[in-house]
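# Notes for the structure review
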Amino acid sequence: MKKSVTLIIACFFVFFGNSQAIYESFRSIKLDQNRELKIQLPRNYKKNVDKTYPLIIVLDGDYLFEPVAGNVDYFSYWEDMPESIVVGVNQRKTREDDCRYDKAEYLPTLKGSEFFEFIGQELLPYLNKTYRTAQLKIVVGHDYTANFINYFLFKDNPIFQGYICLSPELAPPMAERIVSKLTTSPEMWYYLATATNDAENIKKEVIALDEKLKTIENPELDYAFDNFDESSHYTLVGRAIPKALEGIFEMYRPISKKKYKEVLLTLETSPYDYLVDMYKTTEQLYGIKRKIRINDFIAVSTAIEKNENWSELEPLGKLAIKQHSDLMLGYYYLGMFYEQTGEPKKAMRAYESGFQLSEVAFLTKDYMLDKVNKIKEDFGW
C-alpha cells in the first residue's frame, strides 16, 4: 500500500512538474491591496495560438492550487478533460475576512463583499482579457471558501458554470438557498464532498444538503456527491478533486469499452449520428471545438461492422476524410462501404486512395494493398 501511494505521488509531481506555475501580484482596487496569484497554463498554450481553454479559479490557492493544477495537468495529458487554465488565489492571511458574511442576511459583507466583487469584477475580466479563456468557468473552495463560492451561484447570470465544494462550512440559510437556485438553474455542474472523519458539524450539514439536492429534478443540473470513507476534513481533498473533474468532464472523455458495449452496440438509432451528436454536445457544454478522436472513429466503426449497418460507413468515411485528411482511415471506411454494398470498383479506388496517405491504428499500406489485390483476384481484374 505504501509503495502504491508513493508511486501515485511520484507520478503526480512528474506531470505537474512539466507545467510550471506563474506567480503574479495583482493590484485590486476593490480590496485596495495586492493579491498573490498562481497561474498554470496548459503545456502547449504558446503553440496553440487560436485555442481557448476552460478557466478554473481555486480559492485557498496557497494550499489548494497544487492538487487542483496537478490533477488538471494529469487528466488533460490523457485527454480525459480539456487542457485548462488554473488560477489560484492565495488567502493564507485573509481567508476569514474574504469569506465574511453578515449575521442578518447571511450575505457577504465588509471585506467579504469586497472580495466577492474582486473575483467577479476585477479578476475574471483581467484573466479573460490576458489569457485565452473559453466559456466554461469553474470555481473550487474548501470549508469557508467552499461556502463562499456559492454566493456566485445566486447571481442572475452566474459567472461560474461549475462548483466544486469541498467540505463546505455552510452559513445558516445556505443549504436552502443552494437547493432553491439549483432547482431552476441553467446548465450547471455542482460537486459536493464530505468524509466519515470530517468535522462532525460540517459532515452533518453536508449530508443533509445532499439529501435535498439529490431529489432535484432539473435536467440542466449535473450533481454529484461523495462521502469518503476514512478520510478527514483535509485528506478528502486529494480524493475529491479527481472525482469532481471526472464528473464535470464525463462527456469529454473518449468512448470507453463500457460505453462501447452498453451504448454503441445496443443503439437503435444511427451510430454515426451518435458520434456527431457527442462532439456537438461537448462543444456546447465546454465551449471547445475539436477534431474527432481516432479511437472514437474506430469504436463507432467497429460497432457498425459488428451490427452490419453498412450504410453508416459512407457518412463515417466522409467525416473521417474531412477531419483527418492526411490519414487513410476515411478511405478505408468508404472502401468497406462500397465493398459491402456491391460496388467493388469504387471500393478498390477508395482503398487505392487510402494507400497514398499516412498509416493509422491497424491500417497499414500493406493492409490497404491486400484489400485492393483481394478485389482484383475475386473479380479477375
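Since this is a predicted model, take the numbers as computed values, not measurements.

Before going further, it helps to examine the nonpolar core. With 49 residues, the main nonpolar core has Ile57, Ile119, Tyr163, Tyr190 and Leu213 as its most contacted residues. At seven residues, the largest contribution of residues to this core is made by helix α4 (residues 111-130). Among the nonpolar cores identified, the runner-up in size contains 40 residues, and Ile255, Leu264, Leu275 and Leu334 belong to it.

Turning our eyes to something else, we now look at the state of the cysteines. Across all of its chains, the model carries zero disulfides by this definition. Just so you know, cysteine 99 is unpaired, no disulfide at all, and the nearest cysteine sulfur is the one on cysteine 165, 12 Å from it. Residue cysteine 99 is classed as buried on the basis of its relative accessible area, which comes to 7%. According to the relative accessible area criterion, cysteine 165 is buried, its value standing at 0%.

Looking at the protein chain as a whole, the pLDDT averages 93, with 95% of positions reaching at least 70. This stretch, residues 1-17, has a pLDDT under 50; its non-local contacts, to residues over four places away or in other chains, come to 15 contacts.

Before going further, it helps to spend a moment on the side chain of arginine 290. Looking at the secondary structure, you find arginine 290 in the loop between α10 (271-286) and α11 (294-306). Buried within the structure, arginine 290 lacks any salt-bridge partner; its nearest side chain of opposite charge belongs to aspartate 296, at an N-O separation of 5.6 Å. There is a polar contact of 3.4 Å between the side chain of arginine 290 and the backbone oxygen of tyrosine 252. Sequence-distant contacts of arginine 290, that is, excluding residues within four places in its chain, are made with Met251, Tyr252, Tyr279, Thr282 and Gln323.

This part covers the sheet that holds strand β4 (residues 85-89). By way of backbone hydrogen bonds, the strands of a sheet pair with one another, either parallel or antiparallel. Pairing is mixed in the open sheet, where eight strands are placed in the order β1-β2-β4-β3-β5-β6-β7-β8. The open sheet terminates on both sides in strands that have one partner only, identified here as β1 (21-28) and β8 (221-232). For this sheet the average axis-to-axis angle between neighbouring strands, irrespective of direction, equals 20°. Bridge count between β1 and strand β2 (residues 33-40): eight bridges; the pairing is antiparallel. When the sheet's bridge partners are listed, phenylalanine 26 is paired in β2 with arginine 35. Sheet contacts for α4: β1, β2, β3 (53-58), β4 and β5 (133-142); angle to β1, the most-contacted strand, approximately 125°.

Moving on, we come to helix α13 (residues 329-340). Here α13 contains twelve residues, and its C-alpha end-to-end distance of 17 Å stays within 8% of the 16 Å for a straight helix at 1.5 Å per residue. Counting buried positions along α13 yields nine of twelve residues, so the element is predominantly enclosed. Every buried residue belonging to α13 is among Leu329, Gly330, Tyr332, Tyr333, Leu334, Gly335, Met336, Phe337 and Tyr338, and all of these are buried. Turning to α13, the residues buried within the fold contact α11, α12 (313-323), α14 (344-355) and α15 (365-379). Glycine 342 occupies a position one or two residues after α13 and carries a positive phi of about 80°.

Describing two packed helices takes the angle between their axes plus the distance from one axis to the other. The N-to-C vectors of α13 and α14 enclose an angle of 165°; their axes lie 8 Å apart at closest approach. Classified by the angle between their axes, α13 and α14 sit roughly antiparallel to one another. Judged by the twist between their axes, the crossing of α13 over α14 is left-handed. Contacts between α13 and α14 involve Tyr331, Tyr332, Leu334, Gly335, Met336, Tyr338 and Glu339 from the former and Pro344, Lys346, Ala347, Ala350, Tyr351, Ser353 and Gly354 from the latter.

This structure, assessed with the given rule, holds 22 salt bridges. The shortest N-O distance in the salt bridge between aspartate 210 and lysine 214 comes to 4.0 Å. The exposure class of aspartate 210 is buried, given its relative accessible area of 6%. Here lysine 243 makes a salt bridge to aspartate 226, at a shortest N to O gap of 3.0 Å. Here aspartate 226 lies in strand β8 and lysine 243 lies in helix α8 (residues 236-248), a separation of 17 residues in the sequence. Lysine 243 sits in the partly exposed class, given a relative accessible area of 35%. Among the charged side chains, a salt-bridge network with shared partners connects Asp60, Arg95 and Asp143.

Cut-offs and rules
- Residues numbered from 1 in each chain as written.
- Predicted model: local features only at pLDDT ≥ 70, side-chain atom pairs only at ≥ 80, totals over all residues.
- Heavy atoms only, no water.
- Core = buried A, V, L, I, M, F, W, Y, C linked by side-chain atoms within 4.5 Å.
- Buried < 20%, exposed > 50% of the residue type's maximum accessible area, 1.4 Å probe, protein only.
- Helix = DSSP H or I, 4+ residues; strand = E, 2+ residues; numbered from the N terminus.
- Disulfide = S-S within 2.5 Å.
- pLDDT = per-residue confidence, 0-100.
- Contact = heavy atoms within 4.5 Å.
- Lys, Arg positive; Asp, Glu negative; His and termini not counted.
- Salt bridge = Lys/Arg side-chain N within 4 Å of Asp/Glu carboxyl O.
- Polar contact = N/O pair within 3.5 Å; in protein donor to acceptor, adjacent residues only side chain to side chain.
- Pairing = 2+ DSSP bridges.
- Axes fitted to C-alpha atoms, helices over the stretch in contact; angles between N-to-C directions.
- Expected span 1.5 Å × (residues − 1).
- Parallel < 35°, antiparallel > 145°, perpendicular 65-115°, else oblique.
- Left-handed = near helix turned anticlockwise from the far one by under 90°.

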